[in-house]
Amino acid sequence: MNIAIDGPAGAGKSTIAKIVSAKLGYIYVDTGAMFRAVAYNCAQLDIDPEDSDRIAAVSSESDISIKYVGDVQRVFLNGTDVTDHLRDEAVGNMASVVARIPEVRSILLDLQRKLARENDVVMDGRDIGTCVLPDAELKIYLTASSAVRAKRRYDELVAKGETPDIDVIEKDIIERDERDMNRDIAPLKQADDAVLVDSSYMTIDEVTDRIITLAREAGA
Ligand code: DC
């Protein structure tokens, strides 16, 4: 059984996917973390994010793999666990830039499909329902307004003791969505057979309950 959750940055995909996968006993596959690992690799090697040829070459020589510690996904780059370096805004923005490169997508696509073939998964990303798992039993397109998404991110950063500017956060979110929605290969869009869930005015529990209900109807 495969459940695909796609949507724009900050819609709450990973929060919801973690809860849903734990409730169903499935594995949570965070595909954004894989693109973030590629971006992190480029940053470490001081490669210009726009240098597609170099990034494609480096990515084909690098080994990105996933392991589960309990039910938590850890991402390994050339054998080193880099998971804790991947959550920065800068890495997320750079991930969106390297995600336009066909060779990068193709390497990660194989890894994503293998995980879904071998396990019951809840997989989140941008192109899971449209491209990675077109036959997923349930597809969700999870979204929220950019203002709500920026406010959630702002609250998270404030809780960590940071002093962010909410307008800058919203601007970055809108820019990232535009890049993810308008690239040539596997752009972010709702699959024809995906269920639209707008979480702008829903609690985490409400969103989770809705997806669990849909998953049960789909045979989970
Ligand atoms: O979900 P996230 O914020 O961790 O993803 C970071 C970036 O990676 C996102 O802006 C675009 C890219 N990405 C992608 O192109 N396809 C996916 N399936 C997942 C992420």
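Refer to the structure printed above.
Just so it is clear, the structure is predicted and the values come from calculations on it, not from any experiment. (Residues numbered from 1 in each chain as written. Predicted model: local features only at pLDDT ≥ 70, side-chain atom pairs only at ≥ 80, totals over all residues. Heavy atoms only, no water.)

Peer 1: Just checking my understanding: could you explain the pattern of salt bridges for this structure?
Peer 2: Across all of its chains, the model carries 13 salt bridges by this definition. With a shortest N-O distance of 3.6 Å, Lys171 and Glu175 are connected by a salt bridge. Within this pair, Lys171 and its partner Glu175 are both found in helix H8 (residues 166–182), separated by four residues, close to a single helical turn. A residue is classified by how much of its surface remains accessible, and Glu175, at 39% relative accessible area, is partly exposed. Taken together, the shared-partner salt bridges in this structure form one network comprising Arg74, Asp81 and Asp84. (Salt bridge = Lys/Arg side-chain N within 4 Å of Asp/Glu carboxyl O. Helix = DSSP H or I, 4+ residues; strand = E, 2+ residues; numbered from the N terminus. Buried < 20%, exposed > 50% of the residue type's maximum accessible area, 1.4 Å probe, protein only.)

Peer 1: Just checking my understanding: could you explain the packing of aromatic side chains for this structure?
Peer 2: Geometry of an aromatic ring pair is reported as the spacing of the ring centres plus the angle between the planes. In this structure the tally under the stated criterion is zero aromatic pairs. Stacked on the ring of Phe76, the Lys or Arg Lys67 has its end atom at 4.3 Å from the ring centre. (Phe/Tyr/Trp six-rings, centres within 6.5 Å; stacked < 30°, edge-to-face > 60°. Lys NZ or Arg CZ within 6 Å of the ring centre and 35° of its normal.)

Peer 1: Is there a simple way to explain the side chain of Asp180 in this structure?
Peer 2: Its location among the elements puts Asp180 in helix H8. In contact with Asp180, other than residues within four places in its own chain, are Ser96, Arg126, Pro187 and Leu188. (Contact = heavy atoms within 4.5 Å.)

Peer 1: Even after reading the chapter, I still don't get the packing of helix H2 (residues 31–44) against helix H5 (residues 102–118), so can you show me in this structure?
Peer 2: Describing two packed helices takes the angle between their axes plus the distance from one axis to the other. In the contact formed by H2 and H5, the axes pass within 11 Å of each other and the chain directions differ by 145°. When the axes of H2 and H5 are compared, the crossing they make is right-handed. Contacts between H2 and H5 involve Thr31, Met34, Phe35 and Val38 on the former and, on the latter, Val104, Arg105, Leu108, Leu111, Gln112 and Leu115. Among the residues making up the contact of H2 with H5, the classes are represented as seven nonpolar, two polar and one charged. (Axes fitted to C-alpha atoms, helices over the stretch in contact; angles between N-to-C directions. Left-handed = near helix turned anticlockwise from the far one by under 90°. Nonpolar A, V, L, I, M, F, W, Y, C, P; charged D, E, K, R; others polar.)

Peer 1: Help me understand the sheet that holds strand S4 (residues 72–77) in this model?
Peer 2: Picture the strands of a sheet paired through backbone hydrogen bonds; they go either parallel or antiparallel. On the basis of which strands lie adjacent, the open sheet formed by three strands has the order S3-S4-S5 and antiparallel pairing. A single partner strand is all that each edge strand has here, and the edge strands are strand S3 (64–69) and strand S5 (80–81). Both S3 and S4 contribute to a ladder of six bridges, which runs antiparallel. Along S4, the bridge assignment pairs Val69 with Val72. Against the sheet, H2 makes contact with S3 and S4, and its axis sits at roughly 30° relative to S4, the strand it touches most. (Pairing = 2+ DSSP bridges.)

Peer 1: How should the packing of helix H4 (residues 89–98) against H8 be read in this particular structure?
Peer 2: Their axes nearest at 9 Å, the elements H4 and H8 cross at an angle of 20°. With respect to H8, the axis of H4 lies roughly parallel. Handedness of the crossing formed by H4 with H8: left-handed. Note on element contacts: H8 touches H4 through Asp172, Arg176, Arg179 and Asp180, opposite Gly92, Asn93, Ser96 and Val97. Considered class by class, the residues forming the contact of H4 with H8 number one nonpolar, three polar and four charged. (Parallel < 35°, antiparallel > 145°, perpendicular 65-115°, else oblique.)

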